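Take a look at the letters that make up each chain.
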Amino acid sequence: MIFLSAAAILLMAVFLLWKTRYGYPPRDVPQILCYHKLSEKFCFEGTWMPPRRFLRQIERLIAAGFEFVDEDFILNALGQPASACGRKILLTFDDGYAELYEMCLSHLLPRRIPVLIFIPSEYIGQKNDWDLSLGRRPFEHLSRTQIETLARSGVSFGSHGARHLDLTRLGATELEREVVMSKATIEEITGAPVKSFSYPFGRYNERVRSEVNRAGYEAAFSLYPKHCNEITDRFALRRNGVYIIDTPFTIRCKLIPNPVYWFEEMKCRAINGVAALTPLVKRFSAGPGK
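All values reported here derive from a predicted model rather than from experimental measurement.

Some points on the side chain of Lys37
For Lys37, the location among the structural elements is in strand E2 (residues 37–38). Relative accessible area serves as the criterion here: at 2%, Lys37 is assigned to the buried category. Here the side chain of Lys37 touches Asp131 through a polar contact of 3.2 Å, side chain to side chain.

Concerning the environment of Val14
Take Val14: it is sitting in helix H1 (residues 2–21). Between the alpha carbons of Val14 and Lys267 there is a distance of 9.9 Å; along the sequence they are 253 residues apart. Once residues within four sequence positions are removed from consideration, Val14 is found in contact with Trp262 and Met266.

Digging into the packing of helix H2 (residues 51–63) against helix H4 (residues 99–108)
Between H2 and H4, the least distance of the axes is 12 Å, while the angle of their chain directions is 40°. Here H4 runs oblique to H2, going by the angle between their axes. Read as a crossing pair, H2 and H4 show a hand that is right-handed. Contact residues: H2 offers Pro51, Phe54 and Leu55, while H4 offers Met103, His107 and Leu108. Residue composition of the contact of H2 with H4, by class: five nonpolar, one polar and no charged.

Details of the packing of aromatic side chains
If you walk through the whole model with that rule in mind, you get 16 aromatic pairs. On the numbers, 5.3 Å between centres and 75° between planes, the contact of Phe15 with Trp262 is edge-to-face. Taken together, the residues Phe15 in helix H1 and Trp262 in helix H9 (residues 261–275) connect sequence positions 247 residues apart. Trp262 sits in the buried class, given a relative accessible area of 14%. Joined through ring pairs, the aromatic side chains of Phe15, Trp18, Tyr24, Tyr261, Trp262 and Phe263 make up one cluster. The ring centre of Tyr217 lies 5.6 Å from the NZ or CZ of Lys183, which sits over that ring.

Overview of the environment of Ile251
Tracing the sequence through the fold places Ile251 in helix H8 (residues 248–255). Owing to a relative accessible area of 1%, Ile251 belongs among the buried residues under this scheme. Distance in space between the C-alpha atoms of Ile251 and Gly241 is 9.1 Å, their sequence separation being ten residues. Leaving out residues up to four positions away in the same chain, Ile251 has contacts with Leu33, Tyr35, Gln57, Leu61, Val242 and Asp246.

Observations regarding the nonpolar core
Counting 46 residues, the largest nonpolar core has Tyr35, Phe54, Phe93 and Ile117 as the members making the most contacts within it. Among all residues touching Tyr35, those that are not within four sequence positions of it are Met49, Phe54, Gln57, Leu91, Thr92, Phe93, Asp94, Val242 and Ile251. Ranked by size, the runner-up nonpolar core spans eleven residues in total, among them Val69, Leu90, Phe118 and Phe221.

Describing helix H5 (residues 144–153)
Residues lying three or four places apart along an α-helix face the same way, a consequence of the helix completing one turn every 3.6 residues. All of the buried residues in H5 are Ile147, Thr149 and Leu150. The buried residues of H5 all sit within an arc of 165° when viewed along its axis, so they share a single face. Exposed and oriented more than 90 degrees from the buried face of H5 are Thr145 and Arg152. Those residues of H5 that are buried are in contact with H4, strand E6 (116–119), strand E7 (156–159) and helix H6 (172–190). Of the residues trailing H5, Gly154 is marked for its positive phi of about 115°.

Quick notes on the rules
Residues numbered from 1 in each chain as written. Predicted model: local features only at pLDDT ≥ 70, side-chain atom pairs only at ≥ 80, totals over all residues. Heavy atoms only, no water. Helix = DSSP H or I, 4+ residues; strand = E, 2+ residues; numbered from the N terminus. Buried < 20%, exposed > 50% of the residue type's maximum accessible area, 1.4 Å probe, protein only. Polar contact = N/O pair within 3.5 Å; in protein donor to acceptor, adjacent residues only side chain to side chain. Contact = heavy atoms within 4.5 Å. Axes fitted to C-alpha atoms, helices over the stretch in contact; angles between N-to-C directions. Parallel < 35°, antiparallel > 145°, perpendicular 65-115°, else oblique. Left-handed = near helix turned anticlockwise from the far one by under 90°. Nonpolar A, V, L, I, M, F, W, Y, C, P; charged D, E, K, R; others polar. Phe/Tyr/Trp six-rings, centres within 6.5 Å; stacked < 30°, edge-to-face > 60°. Lys NZ or Arg CZ within 6 Å of the ring centre and 35° of its normal. Core = buried A, V, L, I, M, F, W, Y, C linked by side-chain atoms within 4.5 Å. Arc of directions from axis to C-beta.

Next up, the structure:
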């Protein structure tokens, strides 16, 4: 009885925090989903999703009447009347893992589902040494050849920085390099302009935001920005993270205002907050001077 009472009080406190600080986003605006790893290999981490489970989630969304749109639709919708944009979803992937190559060519593009992939440019064709391994072999990022093929096939690419660093901890020179050079590298490979930036770990501040704007990007994506959800900030766009614990039901709860919407958002804010500790843990495990 004491446990249930304490749990109820905690949930009420979390709800009041959400309602006071965040609240519902505007109704009938385009929604954005963010996935990371799609792999058959089991992982001890929240951002992993088995491919067959991912495809079931996509199919359920289509069956529920959602329409997948591309990057340009989202960029053009910013500042437009919301009524024309309801039940639209942009599908994004952070990190650009190699498994996306087959997923896009065999499943998503044949279904006419646009995809926006954010690439850490210095890890193209390399292992994800920036991440915590958690006892398994590292994942490979998309190679240059794979990116070229996907770009020719209609996949859009954005920047995820150069080295997947927490940009808020960088000096001015390093920050400029991460933002500017990554854009140039991806544009050289794809032959197309890089319009969007995704903040690694979802972390940004006003200095980082300004640098991305100055570098010529049209927009930047976080996961769950610090500001109220009613605000649409072109350089701090809100995305809904999808994790291994999510189901088609919980994904729909992220997309449509409903009685448990607040719980889904606070759950994902907590998960993303833990993920943001990755660079600190990585630095600590490397030992002094590394």
